[in-house]
Every structure is written in structure tokens, then in C-alpha cells.
Amino acid sequence: MLYAIMADDRPDSLAARLAARPAHLERLNQLQHAGRLLLAGPFPAIDAKDPGPAGFSGSLIVAEFASLDEARQWADADPFVAAGVYASVSVRPFRKTLPA
């Protein structure tokens, strides 16, 4: 089943986000290579593709996991969590409707 992992960044977390980004991307690449990643990306803090020093306000990952518990465990082990980038993380089942 698909699960949406939605995270909100802590204020002033851009430096920590950039430092932990390679490890974060490696985990996402592993999901992608396994054919389990639907989409992933950050929310820019301002209305710009590259927000510069304004940074990001959070992230969204939609991926396939065997269970809600497995998705939560995966999210809890994210390098952004360990680095203190995220203030909160929620994991919810997701049903893709479109595009088919």
C-alpha cells in the first residue's frame, strides 16, 4: 500500500537539512530502485523553485510499504529526523486515484 509521509521543518533548519541531504537522498534512491517510490520532494518556504536562504518548510514522500507500521519506522529513521530538521512527521495511508 502507498503511504504519505509529510514532515514540517523546524525554523532555521536549512543548514542541518543541507548537511543531512546526501544520506536522506540515498534512502529515497533505494526506494526508487526498488520500484516503491511514487514521489518525493521538499516544500519551498517561499513561492520559488529555489528558495535560497529562505529554505524549506517541510517534505512530502509517497511510497509503498508493507504496512503503516513499516512506513512509520522508515520515516522515523530518516536522516532529517536524526539531524533535527523536522519538527513533526506524520504518516498516513494514501490511495492514488489519478493519473491512472
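Structural data are supplied above this passage.
Residues numbered from 1 in each chain as written. Predicted model: local features only at pLDDT ≥ 70, side-chain atom pairs only at ≥ 80, totals over all residues. Heavy atoms only, no water.

**Let's talk about the sheet that holds strand E3 (residues 56-64)**
And step 1. Strand order in this open sheet of four strands is E2-E3-E1-E4, and the pairing throughout is antiparallel. The open sheet has two free edges, formed respectively by strand E2 (37-44) and strand E4 (86-94), since each of these has just one partner strand. Strand-to-strand twist in this sheet, taken as the mean axis angle between neighbours without regard to direction, amounts to 10 degrees.
And step 2. As judged from the seven bridges shared by strand E1 (residues 2-9) and E3, these two strands associate in the antiparallel manner. Across the sheet, the residue bridging to Asp8 is Gly58, located in E3. (Pairing = 2+ DSSP bridges. Helix = DSSP H or I, 4+ residues; strand = E, 2+ residues; numbered from the N terminus. Axes fitted to C-alpha atoms, helices over the stretch in contact; angles between N-to-C directions.)

**As for empty space enclosed by the protein**
And step 1. Enumeration according to the criterion identifies one cavity of 30 Å³ or more in this entry.
And step 2. Its boundaries defined by the atoms lining it, the largest cavity holds a volume of some 50 Å³.
And step 3. The wall of the largest cavity is formed by Ile5, Ala7, Ser59, Ile61, Trp74, Ala75, Asp78, Tyr86 and Val89.
And step 4. Within the residue set of the lining of the largest cavity, elements represented by two or more residues are E1, E3, helix H2 (68-76) and E4. (1 Å grid on protein atoms, 1.4 Å probe; cavity = no way out; pocket = protein on both sides within 12 Å on 5 of 7 lines; lining within 4 Å. Points joined across faces, edges and corners; volume = space filled by probe spheres on them.)

**Concerning the side chain of Asp78**
And step 1. Within the secondary structure, Asp78 sits in the loop between H2 and helix H3 (79-82).
And step 2. On the accessibility criterion, Asp78 (3% relative accessible area) is buried.
And step 3. Of note is the side chain of Asp78, whose polar atom sits 2.9 Å from the side chain of His24.
And step 4. Not counting the four nearest positions on each side in its chain, Asp78 is found in contact with His24, Arg27, Ile61 and Tyr86. (Buried < 20%, exposed > 50% of the residue type's maximum accessible area, 1.4 Å probe, protein only. Polar contact = N/O pair within 3.5 Å; in protein donor to acceptor, adjacent residues only side chain to side chain. Contact = heavy atoms within 4.5 Å.)

**Things to note about the nonpolar core**
When a protein is soluble and globular, its nonpolar side chains tend to lie buried together.
And step 1. Counting residues in each nonpolar core, the largest one holds 11 residues, listed as Tyr3, Ile5, Leu28, Leu31, Ile61, Ala63, Phe65, Ala71, Trp74, Ala75 and Val91.
And step 2. Counting residues per element, the ones that place at least two in this core are E1, helix H1 (14-33), E3 and H2.
And step 3. With three residues, the single largest contributor to this core is H2.
And step 4. Those residues in contact with Phe65, other than ones at most four positions away along the chain, are Met1, Tyr3, Ile5, Leu31, Arg36, Glu70, Ala71 and Trp74. (Core = buried A, V, L, I, M, F, W, Y, C linked by side-chain atoms within 4.5 Å.)

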